[in-house]
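Observations on chain architecture
The residues making up each chain are set out below.
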Amino acid sequence: MSATTATATSAPAGRIEHKGLLEVRGLTTYFKLGVGDVKAVRDVSFHVEPGESLGLAGESGCGKTTAALSILKLLPENGRIVSGEVLYDGKNLARRTEYGMSKIRWKEISIIFQGAMNALNPVKETGLQVAEPIVLHEGVSEEKALERARELFEMVGISAKRVMDFPHQLSGGMRQRAMIAMALACNPKLVIGDEPTTALDVMVQAQILDLIERLRHELNLAFILISHDLSVMAETCDKGVIMYAGEVVESGTTTDIFRRAGHPYTQQLIKSFPNIHGTREMVSSIPGDPPNLLVVPPGCTFAPRCSERVAGCEETHPELVEVEPGHWVRCVHARKGV
Amino acid sequence: MIPRRFRNWILVWTPAVWLLLELLMYPKDTNFGDGVGAVLRGFTASRIGGYPAWAMTLLAVVAGAAGVVGLVRRDKAVRFNLTLLAEAAVFAAWAVVAGGGLSQWSARANDTSWNWAFQTVVVALAGVAVWMWAAANPERAALTEWNVHQVWKLYRRNWQGMVGLAIIVIFVGMALLAPFLADHNLLDPNSQLRDPKTGQLLGPYHPPTLDYYNLFGTDQVGQSVLAQFIWSARISLFVGLLAAIMSTVVGAAIGIAAGYYGGWQGEVWMRLTDVFLVLPWLPMAMVLAAAWGQNYWMIIVIIGITSWPGTARVVRSDTLRVRELQFIERARAIGSSDGHIMKRHVLPNVMPLIFANLVLVVAIAILSETTLSFLGLGDPLNFSWGTMLHYAWVNGAAGLPAWWYLLPPGIAIILVVLSFTFIGTAYEEVLDPKLRKREESGADNRFAAADEAVAGGAVS
């Protein structure tokens, strides 16, 4: 009885205590297909502190984009959050209505979409599209919003003169910059970048990453970067989460993950990128394919492709183990203090 | 700074629109024999601008609301919004002074003698409003101007389109200038055509002579076919254009809604479309015309509400394509409502198709009006080309054969319909680079053109 009163006084009514700016707790998202549910994301947890950047990495189809879209409840019609909580500012976003979400989107959390080529309307001036969220969320006139779009254009390094250009008149890098400007339009506290540098060449990719980094420090943004490119993650993120087949296999600071990778999958993922400093050796690839998520195997999902498989791996599902403070690994080999 | 070409547009189009509105309502009974004074008096006749009071009131409310909203939101274009408010005030004054129609509350009951002045002020203020808008948004004005110029540049290269446009310009010009080209009194059932030299009645079915009003001969009661032909152009083109616009608006709205929503809502709209598509058009239109009465406004409504299914299907199929594009998802993620997405993202993407379709529907609408009129369901008080053919047919002009009575309206209909089809296909070609030849597809880069201009200036 006294315990309940204590919690009630420490937290205002309806406010849920959680870590950091955003905490995802046990998120599970399924897609309904005719033959059954695709268990795309299972029991995923992570949190982001204000001003911190977090990388979500893994190969195609591992559920990183689904996890990110679940945060903003932007899932396709057949997708649904089965269980888990998305806690932001003391509120559980997973339980929010569409209307409630529209108050959060862009004003609090915004997203840089994958493929700027297609995320811009080809028959509408780019500046007006960047200004669109401002018009929608702040109720100002289009002209006022356009003024802000000009500032945003300058902020992301495009000349303000180009606001009235159509997307086809901008280069790929400029379009991506415009998408970033759009994400920043309503001064959000958290930005999710869904593969913001994919489909750009290496030079432009570096520029965009520098830009994101600069803006993050200037505006004190928290940032979630979704990428299949570990090098991008290593360069920009404070913390990393490695996903495989819909679950977190390893999480920790970027240094933890790259210097002391605990999971065989992470180790092989790192090995499959060329290293310009070490000895010249062939880049290895991971044999096999990720499992079909319609029927999730009972044991470790990575076991069939794992080089360090032992008896029992395919039968028992390993739990996340904290091998050192803040560094979690989901593997039978993982021991505390390894 | 307003782009120079845009400024010239305003200076040309404002008087052009004024003249169009004046000519549409120009008194039909002006006696040009009285000299220049009579012609000028025609432009200030009380008939001009005789619109219903509710329309004036509606426009006053719309313009006023737009201006107030703009001012409240503190738009940059303050002068533009103030012009809108002035426009609203003029409309309100017009409604109060002229009144008439539905309004019985008019302060000075139905004083229509100042209509021409109100109309002139309204058109002038509209020109000022466009000017103010362009001054506040020079970039958008430049872009609009550039786009129109590009479309025109591509369109000009298509000879079919240019031929079609020329024919339409001639016929529209003839229709607008009808009061100056033919005396409307000649359409009165009691005014038979006389030989200008002898003063004798020409009599029924007199073949064409070189005398102006007898260029196309006389009809079954000895009236001028030329006068009928010229005044008919008005009704045929007016009905065709308005009915096509109405049918396109209905079809586009239903097509976009059906395509965007999909699911059961889309199904309901599409089954409705199918019903209208499979219903035999002619019997239904005839029944509606018989039931709703015969005047050309009703004909417009009948054609408008029966000929939209084709447009709806075409627009829906394009909407289905646009709906799946990623920027629609992006717009939804931003928090746009369905209405906003349909209006701001889907509509601009299907707009070219709607416009190309509109031009083709005009041709169909003109043909439909002709069909109804030919069957005797047209407006008995106003001649159209279809009505002319109807009278020619029932009075045995075909058997005589009085070819001068049948051919002019027939050929005019063929030419107009053909021209609209030409314009439609030419415009489609402008929109779709795949239909163009390679060397023709080079739309200039806006910046390259600007650079060239700068470079050229430096050299000279």
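Numbers given to residues run from 1 along each chain, matching the order in which its sequence is written. Lettering of chains starts at A and numbering of ligands starts at 1, both following the order in which they are written. Reporting in this predicted model follows two pLDDT cut-offs: at least 70 for local features of residues, and 80 or more for side-chain atom pairs to be given and counted; totals over whole chains, interfaces and linings ignore these cut-offs and use all residues.

Next up on the list: the overall build of chain A. Helix and strand definitions follow DSSP, with helices as H or I runs of at least four residues and strands as E runs of at least two, each counted in order from the N terminus. Scanning chain A from N- to C-terminus turns up eleven helices and twelve strands. Taking 338 residues into account, the globule formula puts the C-alpha radius of gyration at 20 Å, and chain A, at 21 Å, falls close to it. When its C-alpha atoms are laid out on the principal axes, chain A stretches across 65 × 65 × 40 Å. In chain A, which comprises 338 residues, the proportion classed as buried is 43%. Once local pairs closer than 6 in sequence are excluded, the contacts in chain A between residues at least 24 apart make up 61%. In this treatment the radius of gyration is a C-alpha quantity, and the globule benchmark scales as 2.2 Å times the residue count to the 0.38 power. Note on burial: count the other C-beta atoms lying within 10 Å of the residue's C-beta; 20 or more is buried, 12 or fewer is exposed, in between is partly exposed, and C-beta positions come from the backbone. The contact criterion used is a C-beta to C-beta distance within 7 Å, with each C-beta placed from the backbone.

Defined on buried residues, the nonpolar core groups Ala, Val, Leu, Ile, Met, Phe, Trp, Tyr and Cys residues joined through C-beta atoms within 7 Å. Ranked by internal contacts, the top residues of the largest apolar core, which has 170 residues, are A:L56, A:A181, A:I224 and B:V362. Considering each element in turn, this core owes the most residues, 18 residues, to helix α9 (residues 225-261) of chain B. Residues contacting A:A181, with those up to four places away along its chain left out, are A:V130, A:L152, A:F153, A:M155 and A:V156. Ranked by size, the runner-up nonpolar core spans 19 residues in total, among them B:A53, B:A88, B:F91 and B:V122.

Facing 20 residues of chain B, the contacting portion of chain A comprises 23 residues. Elements supplying a minimum of two residues to the side of chain B that touches chain A: α6 (138-156), α14 (326-334) and α15 (338-374) of chain B. Residues are grouped as follows: nonpolar covers Ala, Val, Leu, Ile, Met, Phe, Trp, Tyr, Cys and Pro; charged covers Asp, Glu, Lys and Arg; every other residue, Gly included, is treated as polar. Here the side of chain B that touches chain A is built from residues that sort into seven nonpolar, six polar and seven charged.

The subject of this paragraph is the domain arrangement of chain B. Frequently, the measure chosen for interface size is the accessible area removed from exposure when the parts meet. Boundary definitions for the domains trace back to an automatic or database domain assignment. Domain boundaries in chain B define domain 1 (4-146) and domain 2 (178-440). Taken over C-alpha atoms, the centre of domain 1 of chain B sits 27 Å from the centre of domain 2 of chain B.

This paragraph deals with the sheet that holds strand β9 (residues 239-244) of chain A. Residue and element names in this part refer to chain A. Pairing between strands is defined by DSSP: at least two bridges between the two strands are required. Pairing is mixed across the open sheet formed by eight strands, whose spatial order is β6-β7-β8-β3-β9-β10-β12-β11. The open sheet terminates on both sides in strands that have one partner only, identified here as β6 (109-112) and β11 (321-324). If you compare each strand with its neighbour and ignore which way they point, the axes differ by 20 degrees on average. Bridge count between strand β3 (residues 53-57) and β9: four bridges; the pairing is parallel. If you follow A57 over to β9, its bridge partner there is I242. Axis geometry follows a simple rule: fit a line to the C-alpha atoms, using only the stretch in contact for helices, then measure angles between N-to-C directions, giving values from 0 to 180 degrees.

A few words now on the sheet that holds strand β2 (residues 36-48) of chain A. Residue and element names in this part refer to chain A. With antiparallel pairing, the four strands of this open sheet are ordered in space as β2-β1-β4-β5. Since the sheet does not close on itself, it has two edges, and those belong to β2 and β5 (91-92), each with one partner. Bridge analysis of strand β1 (residues 22-33) against β2 gives eight bridges, and the strand direction is antiparallel. Bridge pairing in β2 places L33 opposite G36.

Looking at where B:A38 falls in the secondary structure, it is placed in helix α2 (residues 36-43). Other than its neighbours up to four places away in sequence, B:A38 contacts B:T30, B:N31 and B:F32.

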